[in-house]
Amino acid sequence: MARNSSAQRQWDESDVRVRANKKGSRPRTKQRPTHEDAVIARVIAVDRGRYTCVVNEQSHDQRTVVCIRAKELRRKPIVPGDQVGVVGDVSGDPDTLARIVRIEPRATILRRSADDTDPVERVIVANADRLVLVLATESPTPRTGFVDRGLAAASDAGITPVICMTKTDLKDPAEFLTYVEALDVQTASTEPTDALGGRPAAGVHEASLAISEASIERLRTILDGHISVFLGPSGVGKSTLVNALTGSERATGGVNDVTGRGRHTSSSARALRMPDTSPGTWVIDTPGIRSLGLAHVSEEELLNSFTDLVPATADCPRGCLHTQDSPGCALDEWVHRPEASPAAPLRLESLRRLLAASRGETQAGADEKHLGQAIT
Ligand code: GDP
Ligand code: ZN
């Protein structure tokens, strides 16, 4: 429930009076936890210590407020998607600056580490319930490792993954999607059109490229009512897609310009509105993320994200590590069975690469670490 900020604002510090009391009994004060007067806001962008937040996001009184964080929160990451308690001037008027005093409990946290064995993890986004992995059918070549890293990160965070293929004019997306067909993962693909109308020839002139309304409509249905974070290697057409989904209704518009930093060119994520969706729908774009280290994901969780392979491990010896040289690992035989998907051998290879990387056994090369193996 969105809180009513004007009702909240009646309760400011001046309401708490400690009256001298002749009888010596305790003064009657309005006891309350600290900052109960804070209004709840959604963080949509973070840029050099300035937090752009939306107050009353579910109502027509929605407004954008620029905040700094209270000293006591200095060490805590505040990221797009977070719901925070804000005090001070929450009018959103130009040249005002409010203060974040509290981070509300998070439904989900999407994290990554710089490396697979680096214990330092970063919170990318909070409260997302959809993770959209964006891949191109070609240029750049889609990588199975990126998909599996994304699925593991989603599984770890308790976020529902969606795989979205772009550049379907260059190649049939079905080819790559065989890799995940044995998984219960929703997929979508975008279809570019010539902005002037009609289907483009392969390699359409980019200035005239647009995403067809039909493919946008399918994605809108999948994402409506959700907070969706988009991840993709650079060049896959993620910006083109996010722009098509969010149009000009950018939630960052109308940012107050206390600092002259109204435009968000930073490399951190930002939340955007999607037109024609229910209140509470957000698309969170992540321009700066090129790799997805999984140091924070346990081996067990990693394996669990390979939902097609997990059942077969029931036949493994106790304590099986499922590596190539694990004696009696049931996966080796299972992936060649007729009931396994044709992609199963590749999936097993990918699982083993990720397990080895998480054990620090392989010094993954840049290409492997960031994107995994190409499927050909
Ligand atoms: P990002 O780095 O993932 O944000 O990718 P961009 O959205 O900047 O797109 C990278 C390049 O791919 C640009 O030249 C786009 O015009 C082009 N592009 C995007 N979508 C498509 C598509 O569906 N088909 C083709 N052929 N090119 C596309
Ligand atoms: Zn095994």
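These notes cover the structure that comes with them. (Residues numbered from 1 in each chain as written. Chains lettered and ligands numbered in written order. Predicted model: local features only at pLDDT ≥ 70, side-chain atom pairs only at ≥ 80, totals over all residues. Heavy atoms only, no water.)

### Comments concerning the pairing of strand S2 (residues 50–55)
Using the following cut-off: Relative accessibility thresholds used throughout: buried, under 20% of the residue-type maximum; exposed, over 50%; partly exposed, between the two (1.4 Å probe, protein chains only). A run of H or I in DSSP becomes a helix once it reaches four residues, and a run of E becomes a strand once it reaches two; helices and strands are each numbered from the N terminus. In short, DSSP must find at least two bridges between two strands for them to pair.
Counting buried positions along S2 yields five of six residues, so the element is predominantly enclosed. Counted along the chain from strand S1 (residues 39–47) to the antiparallel partner S2, the turn is two residues long, and its residue Arg48 has a positive phi close to 45°. By the bridge criterion, five bridges tie S2 to strand S3 (residues 63–69) in an arrangement that is antiparallel. Within S3, the residue paired with Tyr51 across the bridge is Cys67.

### Observations concerning the packing of aromatic side chains
Note the cut-off: Any pair of Phe, Tyr and Trp rings, taking the six-membered ring for Trp, is counted once the centres come within 6.5 Å. Such a pair is stacked with planes under 30 degrees apart, edge-to-face with planes over 60 apart, and tilted for the rest. Two conditions define a charge sitting above a ring: the NZ of Lys or the CZ of Arg must be within 6 Å of the ring centre, and it must be within 35 degrees of the ring normal.
Per the stated rule, a full pass over the model turns up one aromatic pair. Taking 6.2 Å as the distance between ring centres and 35° as the angle between the ring planes, the aromatic pair formed by Phe176 and Tyr179 counts as tilted. In this structure, Phe176 and Tyr179 share a single accessibility class: buried. Taking NZ or CZ as reference, Arg347 lies 5.0 Å from the ring centre of Tyr179, over its face.

### Some points on the coordination of the zinc ion (ligand 2)
Reference values for angles at a metal are 109.5 degrees in the four-donor tetrahedral case and 90 or 180 degrees in the six-donor octahedral case. Heads up, the condition is: For Na, K and Ca the donor cut-off is 3.2 Å; for every other metal, N, O and S atoms count as donors within 2.8 Å. Water does not enter the count, which can leave sites looking incomplete. Labels for metal geometry use angle windows, namely 85 to 135 degrees for all angles of a four-donor tetrahedral site, and for square planar (four donors) or octahedral (six donors) sites opposite donors over 155 degrees apart plus all others within 65 to 115; sites meeting none of these are irregular.
For the zinc ion (ligand 2), the protein coordination sphere consists of Cys316 (SG), Cys320 (SG), His322 (ND1) and Cys329 (SG), at 2.1 to 2.4 Å. The coordination sphere of the zinc ion (ligand 2) comprises four donor atoms, whose angles at the metal cover 102 to 117°; the geometry is tetrahedral. In primary sequence terms, the donor set of the zinc ion (ligand 2) follows C-x3-C-x1-H-x6-C. Of the two residues, His322 and Cys329, both sit in the buried class.

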